[in-house]
Amino acid sequence: MSSSLQHVLDKAADGGRLSPDEGLCLLESSELARLGRAADAVTRRLHPEPYRTYNIDRNVNYTNVCVGGCRFCAFSCRPGDPEAYVIDGETLAGKVEETLELGGDQILLQGGMHPDLTLDWYESLLAELKARFPSVNIHGFGPAEIHHFSQLSGLPVAAVLRRLKAAGLGSLPGGGAEILVDRVRRRLSPCKVSADGWLDVCRAWHDLGGRGSATMMFGHVETAAERIEHLARLRALQDETGGFTAFICWTFQPGSTELEDLGKVGSFEYLKTLAVSRLFLDNFANLQASWVTQGLRIGQLAMRFGANDLGSLMIEENVVAAAGTSFRTSEAGLQAAIRNAGYEPRRRNVFYHPVGRASRPTPDESQG
């Protein structure tokens, strides 16, 4: 087992493409340090630069009303719930203004599958934001939401995306992927888009010249083989379109959900899955750490397990927090984590291009 594992690790580190069976061999291994070393070798080959990146944005949930019925979600409300809301324009504008004041240049705009909001409503929301804040990138509406808009409007997915892009949509977040295996999706979110449908939305967006991220939420009802199937499906679409800017994985946060009894997987499984993702996804330039679910210390360690990006300052985050996980930091905290991992911190935009110049450490940071 040890020699065969090393053969697979060497193959990946040298730039070879792993088969699903080889990926599963790695994921079923408990050799965390060896996986991390190989993943770090791949990251350093792809990113020999002396810096690692982060960005500043805000996760704005424009509504918490959702008919998706996802069993893993602690945030959403059914229509008519006393806690249900739809954000108003002035509140949204205030959030964007605060983001700009803090140095951000993007908002992550996501909500639920609202049964009554029309495509015209979403177009107006985007157009008003772009008119008022033309420099802000709107990273909005995951594939599950786009599929929902298509169903409500009776329009093809491509037509919906064209209209949203014309109104101001800048990039597509990869939320709602969970695990791209329909057996899992039927158990987690039976009312949401299928695995093929999720990929079809991304394909249509990429065909329009759009870019966006890909994600995986794991540690619930999936098997190790299904995690690898998920990665293989993402890799195949990336071969086809080249439209994914980055991959982000995180662990299921079970608090206050219907699946709370499953418990939470720990940092060992997170780091192992991240490392295997880096080794398997040979056509993804960027992997992002999930300090929002793992904490800043594990996020820092993730930069030696395949991640070249620490993710967002995340000025506002509600969905993970609703499940009882709430890690917070400052821009200086992100910079210090990167610097103490041995790299220069550089802020970047949604397309993973560095912006600005590296900051100097504060006296506290320089003391570690």
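Residues numbered from 1 in each chain as written. Predicted model: local features only at pLDDT ≥ 70, side-chain atom pairs only at ≥ 80, totals over all residues. Heavy atoms only, no water.

**A word on the environment of Y62**
Turning to its location among the elements, Y62 is positioned in the loop between β2 (57-61) and α4 (89-101). The class for Y62 is buried, based on a relative accessible area of 0%. Along the backbone, Y62 and D88 are 26 residues apart, and their C-alpha atoms lie at a distance of 8.3 Å. (Helix = DSSP H or I, 4+ residues; strand = E, 2+ residues; numbered from the N terminus. Buried < 20%, exposed > 50% of the residue type's maximum accessible area, 1.4 Å probe, protein only.)

**Some remarks on the environment of L9**
Topologically, L9 is positioned in helix α1 (residues 2-13). Residue classification places L9 among the buried positions, given a relative accessible area of 2%. Those residues in contact with L9 that lie beyond four places of it in its chain are L26, R34, L35, A38 and L279. (Contact = heavy atoms within 4.5 Å.)

**Some details on unusual backbone geometry**
Generally, phi is negative for residues other than glycine and the peptide bonds are trans, each holding for most cases. In this structure, E178 takes a positive phi of about 50 degrees despite not being glycine. The residue E178 is located in the loop between α7 (157-167) and α8 (182-188) in this model. Residue classification places E178 among the buried residues on the basis of a relative accessible area of 6%. The backbone of Y352 sits at a positive phi, close to 65 degrees, despite the residue not being glycine. Its place among the elements puts Y352 in the loop between β9 (344-347) and α16 (363-366).

**Observations regarding α7**
For α7, the full list of buried residues reads V157, A159, V160, L161, L164 and A167. Immediately downstream of α7, the backbone of G168 shows phi near 135 degrees, a positive value.

**So, the confidence of the model for the protein**
Taken as a whole, the protein shows an average pLDDT of 90; of its residues, 92% reach a score of 70 or greater. In this model, residues 317-325 is a region of pLDDT below 50 whose contacts with residues beyond four sequence positions or in other chains number 23 contacts. Counting interchain partners and residues more than four positions distant, the pLDDT-below-50 stretch residues 362-368 has seven contacts. (pLDDT = per-residue confidence, 0-100.)

**Here's the deal with the environment of D88**
Mapped onto the secondary structure, D88 falls in the loop between β2 and α4. Given a relative accessible area of 41%, D88 falls into the partly exposed group. Residues D88 and T63, 25 residues apart in the sequence, show an inter-C-alpha distance of 9.7 Å. Within the structure, the side chain of D88 is placed 2.8 Å from the side chain of T91, a separation counted as a polar contact. (Polar contact = N/O pair within 3.5 Å; in protein donor to acceptor, adjacent residues only side chain to side chain.)

**Some thoughts on helix α9 (residues 195-207)**
Compared with the 18 Å implied by 1.5 Å per residue over 13 residues, the 18 Å span of α9 between its first and last C-alpha is a close match. Every buried residue of α9 is accounted for by A195, G197, W198, L199, V201, C202, A204, W205 and H206. Where α9 is buried, its residues meet α6 (143-153), α7, α8, β5 (212-218), α10 (224-241) and β6 (244-251). Within two residues after α9, G209 carries a phi angle of roughly 90 degrees, on the positive side. (Expected span 1.5 Å × (residues − 1).)

**Focus on the packing of aromatic side chains**
This model, assessed by the stated rule, comprises nine aromatic pairs. Here the aromatic rings of W121 and Y122 are separated by 5.1 Å at their centres, their planes lie at 90 degrees, and the arrangement is edge-to-face. Relative accessible area serves as the criterion here: at 25%, W121 is assigned to the partly exposed category. Measuring from ring centre to ring centre gives 5.4 Å for Y122 and F141, while their planes differ by 80 degrees; the resulting arrangement is edge-to-face. One end of the pair, Y122, is in helix α5 (residues 119-132); the other, F141, is in the loop between β4 (137-140) and α6, and 19 residues separate them in sequence. The residues Y122 and F141 share a single accessibility class, namely buried. (Phe/Tyr/Trp six-rings, centres within 6.5 Å; stacked < 30°, edge-to-face > 60°.)

**Some remarks on the pattern of salt bridges**
Scanning the model with the defined rule gives 21 salt bridges in all. Notably, a salt bridge pairs D40 with R304, separated by 3.7 Å at the nearest N-O pair. A residue pair is termed long-range when its members are at least 10 positions apart, and D40 in helix α3 (residues 32-46) and R304 in the loop between α13 (296-302) and β8 (309-312) qualify at 264 residues. By relative accessible area, which is 8% here, D40 ends up buried. (Salt bridge = Lys/Arg side-chain N within 4 Å of Asp/Glu carboxyl O.)

**Observations concerning the nonpolar core**
With 68 residues, the main nonpolar core has L26, W198, L234, F247, Y270 and L279 as its most contacted residues. Ranked by the residues each element gives to this core, the list is headed by helix α11 (residues 267-280), at seven residues. Within the second largest apolar cluster, 30 residues are counted, among which are Y62, A93, L126 and L164. (Core = buried A, V, L, I, M, F, W, Y, C linked by side-chain atoms within 4.5 Å.)

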